[in-house]
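# Survey of secondary and tertiary structure
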Amino acid sequence: MVALVVLVLIAMVGAVGLVVRPGPVDGWLDALGGEPANSPGTVATTPEPTPTPVLLAAEAAGAAPDPAAVREALDPLVNASALGSSVHVSVLDVASDTVLYERAPGTMTTPASTTKVLTAATVLAARGAAYRLETRVVAGSEPGEVVIIGGGDASLAVEEDDKDLFPGAARLDDLAAQVKKALGGTKPTRVLVDTSLFTGPETATGWSADDITPGGQVARIQSLMTNAGRVEPVHNEFGGDPRFTDPSLSAGKLFAKMIGAPQTTVSKSTALNPAPSASAAGSTGTWTPGAELGKVESPPLVQIVDWMLQQSDNVLAEALGRQVALAAGKEASFAGTAEAMSDKLRELGLPADEAELFDASGLSNRNGISPTLLVRTLALAAGDSQPALGNIFNGLPVAGWSGTLVTRFATPSGNETAQGIVRAKTGSLTGVNSLAGVLVTREQRVLAFAIMAKGGPDAIAARAALDEVAARLVACGC
């Protein structure tokens, strides 16, 4: 029998030391037995510098739902006018691999941020949970000239005060301290910024200029930036966070200030080939171009995936997508990422032809993904054949508790019964509302689901209608 992700929490072992977070998730099984997991709307107030726990695989329990009963329960909700004129749905009982409900499940539709489910799956499969991203500084061609090399770590913080945005992230001030020490008596004269790791256009087809500024939904995708390109290290669930127009140069200027180099000297260039020496000054006191002056490493990739899913951070998603391309030996561009993600999905045995991708974040209105692909990806992650993919569930927001679902499943009041029980990725663009994730029914069956709606006249009403479908699945005896 296929082993399933059920609601038992354990701490991850190995390189990443984890702790179990408090909240409704701890009471999932109690909720299934009729006891409230926690008061609706309870929110963890102190972010931890470690990922959330993984879910232990366990055998399926309870009676399998009857597809006819599920159809009778869901049809009126899926037909709700609040969802709009186009609604595509897939619901799967993971243990038996039985489709319980479907509405045009193979049709590719605009996924919005549910795209990030595919990004998380492919990067975890390509790189593994423990992989870390490096930001390095090497000596330039002339004494005092330094080159900061972007390694694709979009979570890089500026200083310790930034810790509330991405707890435990690598920091620019730590890198600057290393470089100052390595330079010794050599005065820093110039900072060059190497962003050559990423190639091609810095914005995707289907993005609006307003998404960068003043909207702040994303930044130009470059291999060096701080706080995912944000001007200030804050995350706003609504309204966006202003981003630098050129994140790499802005990071370079901050770094120049930290090491005492003139900010007016900061420009883009490409680093020389690395020299064998670990110091800019050799034993003779001569300058060694290409010598490493400092390096910082990101937290394990699983933590960055966690942040990306919890906050629905578009920049982190694009940076992670490029890691899929790099792992496959492809160019780290939007096109290379789309190709590599499709190849990885196919390699995992998933219906990759049911996705057309223009970015890894879902911000592009040109993306198309089928509900079947999302559900099959979630079901694969919930099984035991691809252990790395199970880390997706670390970061998926929990209904009424965390991330982009923290205020969801509140109205209508019946939706509250699913708080703490549904883990799902949200997706919202103008006229588009989607929800894809996993839940456990009152019979303790794990279901994977995807609901993708277009044309709803009111986004708030559409989201409540999506929640109602998931909540009905939780409560359904079926």
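My aim in this report is to walk through the structure given alongside it, one point at a time. None of these values were measured; they are calculated from a predicted model.

Moving on, we get to the overall build of the protein chain. Helices and strands together make up the secondary structure of the protein chain, namely 11 helices and 14 strands. Within the protein chain, contacts between residues separated by at least 24 positions form 72% of all contacts whose residues are at least 6 apart in sequence. As presented, the protein chain carries roughly 17700 Å² of accessible surface, and 51% of it is formed by carbon and sulfur atoms.

It is worth spelling out the sheet that holds strand β8 (residues 267-268) at this point. Taking strand neighbours across the sheet as the criterion, the five strands line up as β8-β7-β6-β5-β9 in an open arrangement whose pairing is mixed. Each edge of the open sheet is held by one strand with a lone partner, namely β8 and β9 (292-297). Both strand β5 (residues 134-139) and β9 contribute to a ladder of five bridges, which runs antiparallel. Opposite R136, over in β9, you have K295 as the bridge partner. Of the strands in this sheet, β5, β6 (145-149) and β9 are in contact with helix α4 (residues 172-183), which crosses β9 at around 160°. Helix α5 (residues 247-259) contacts β5, β6, β7 (190-194) and β8 of the sheet and is inclined by roughly 150° relative to β7.

Note on pairing: side chains with opposite charge can pair once their charged atoms come close. Scanning all chains against the criterion turns up 18 salt bridges. Note that D246 is salt-bridged to K268, the shortest N-O span being 3.2 Å. With D246 in the loop between β7 and α5 and K268 in strand β8, this residue pair connects regions lying 22 residues apart in the sequence. Taking relative accessible area as the criterion, K268 reaches 37% and is therefore assigned partly exposed. Taken together, the shared-partner salt bridges in this structure form one network comprising K330, E339, D343, R346 and D353.

Further remarks concern the packing of aromatic side chains. Applying the stated criterion across every chain yields a total of two aromatic pairs. Taking 5.0 Å as the distance between ring centres and 40° as the angle between the ring planes, the aromatic pair formed by F166 and W307 counts as tilted. Taken as a pair, F166 in the loop between β6 and α4 and W307 in helix α6 (residues 301-311) lie far apart in primary sequence, 141 residues in all. When sorted by exposure, F166 lands in the same class as W307, which is buried. With 5.4 Å between their ring centres and 85° between their planes, W207 and F334 make a pair best called edge-to-face. One end of the pair, W207, is in the loop between β7 and α5; the other, F334, is in helix α8 (residues 334-347), and 127 residues separate them in sequence. Both residues of the pair, W207 and F334, count as buried. Taking NZ or CZ as reference, R322 lies 4.3 Å from the ring centre of F334, over its face.

One open sheet holds the five strands; their spatial order is β4-β3-β14-β13-β12, and the pairing between them is antiparallel. Only two strands of the sheet have a single partner each, and these edge strands are β4 (98-103) and β12 (423-429). The average undirected angle you get between the axes of adjacent strands in this sheet is 5°. For strand β13 (residues 432-440) and strand β14 (residues 446-454), the ladder comprises nine bridges, and the chain directions are antiparallel. Bridge pairing in β14 places V438 opposite A448.

For the rest of this paragraph, the subject is the state of the cysteines. Enumeration according to the criterion identifies one disulfide in this entry. Shown here is the disulfide that connects C476 with C478, its sulfur atoms set 1.4 Å apart. For the disulfide bridge between C476 and C478, the dihedral angle about the S-S bond is near 70°, and by the sign convention the bridge is right-handed. Looking at C476, the relative accessible area reads 7%, which means it is buried.

Our next topic: the pairing of β13. Counting buried positions along β13 yields nine of nine residues, so the element is predominantly enclosed. Where burial is concerned, the two faces of β13 agree: the one with V432, S434, A436, V438 and V440 and the one with N433, L435, G437 and L439 are both buried. Here seven bridges tie β12 to β13, and the two strands are oriented antiparallel to one another. The residue bridging S428 from the neighbouring strand is N433, located in β13. Between β13 and β14, which pair antiparallel and follow one another directly, the connecting turn spans five residues, one of which, Q444, has a positive phi of 65°.

Below, the discussion takes up the packing of helix α3 (residues 115-127) against α6. Packed helices, taken two at a time, are described by the angle their axes make and the gap between the axes. Between α3 and α6, whose axes approach to 11 Å, the crossing angle comes to 180°. As the angle between them shows, α3 and α6 are arranged roughly antiparallel. Contact residues: α3 offers K116, T119, A120, V123, L124 and R127, while α6 offers L301, V305, M308 and L309. Partitioned by chemical class, the residues of the contact of α3 with α6 number seven nonpolar, one polar and two charged.

The next point concerns helix α11 (residues 459-475). The terminal C-alpha atoms of α11, which comprises 17 residues, lie 24 Å apart, in line with the 24 Å expected from a rise of 1.5 Å per residue. Those residues of α11 that fall on the buried side of the exposure criterion are A462, R463, A464, A465, L466, D467, V469, A470, A471, L473 and V474. The secondary structure elements touched by the buried residues of α11 are α2 (67-78), β3 (86-93), β12, β13 and β14. The opening residue of α11, the one whose side-chain oxygen lies 3.2 Å from the backbone nitrogen of I460, is D458.

What follows covers α4. Think of an α-helix as 3.6 residues a turn; residues three or four steps apart then line up on the same face. Given a rise of 1.5 Å per residue, 12 residues ought to cover 16 Å, and the 16 Å separating the end C-alpha atoms of α4 matches this to within 8%. If you check which residues of α4 are buried, you get L172, L175, A176, V179 and L183. Down the axis of α4, the sector holding all buried residues measures 100°, keeping them to one side. Summarising the contacts, the buried residues of α4 are in contact with β5, β6, α5 and β9. Once α4 ends, the next one or two residues include G184, with phi positive near 60°.

Cut-offs and rules
- Residues numbered from 1 in each chain as written.
- Predicted model: local features only at pLDDT ≥ 70, side-chain atom pairs only at ≥ 80, totals over all residues.
- Heavy atoms only, no water.
- Helix = DSSP H or I, 4+ residues; strand = E, 2+ residues; numbered from the N terminus.
- Contact = heavy atoms within 4.5 Å.
- Areas by Shrake-Rupley, 256 points an atom, 1.4 Å probe, with all protein chains shown as cover.
- Pairing = 2+ DSSP bridges.
- Axes fitted to C-alpha atoms, helices over the stretch in contact; angles between N-to-C directions.
- Salt bridge = Lys/Arg side-chain N within 4 Å of Asp/Glu carboxyl O.
- Buried < 20%, exposed > 50% of the residue type's maximum accessible area, 1.4 Å probe, protein only.
- Phe/Tyr/Trp six-rings, centres within 6.5 Å; stacked < 30°, edge-to-face > 60°.
- Lys NZ or Arg CZ within 6 Å of the ring centre and 35° of its normal.
- Disulfide = S-S within 2.5 Å.
- Parallel < 35°, antiparallel > 145°, perpendicular 65-115°, else oblique.
- Nonpolar A, V, L, I, M, F, W, Y, C, P; charged D, E, K, R; others polar.
- Expected span 1.5 Å × (residues − 1).
- Polar contact = N/O pair within 3.5 Å; in protein donor to acceptor, adjacent residues only side chain to side chain.
- Arc of directions from axis to C-beta.

Such coordinate-based values are descriptive only and should not be taken to indicate function.
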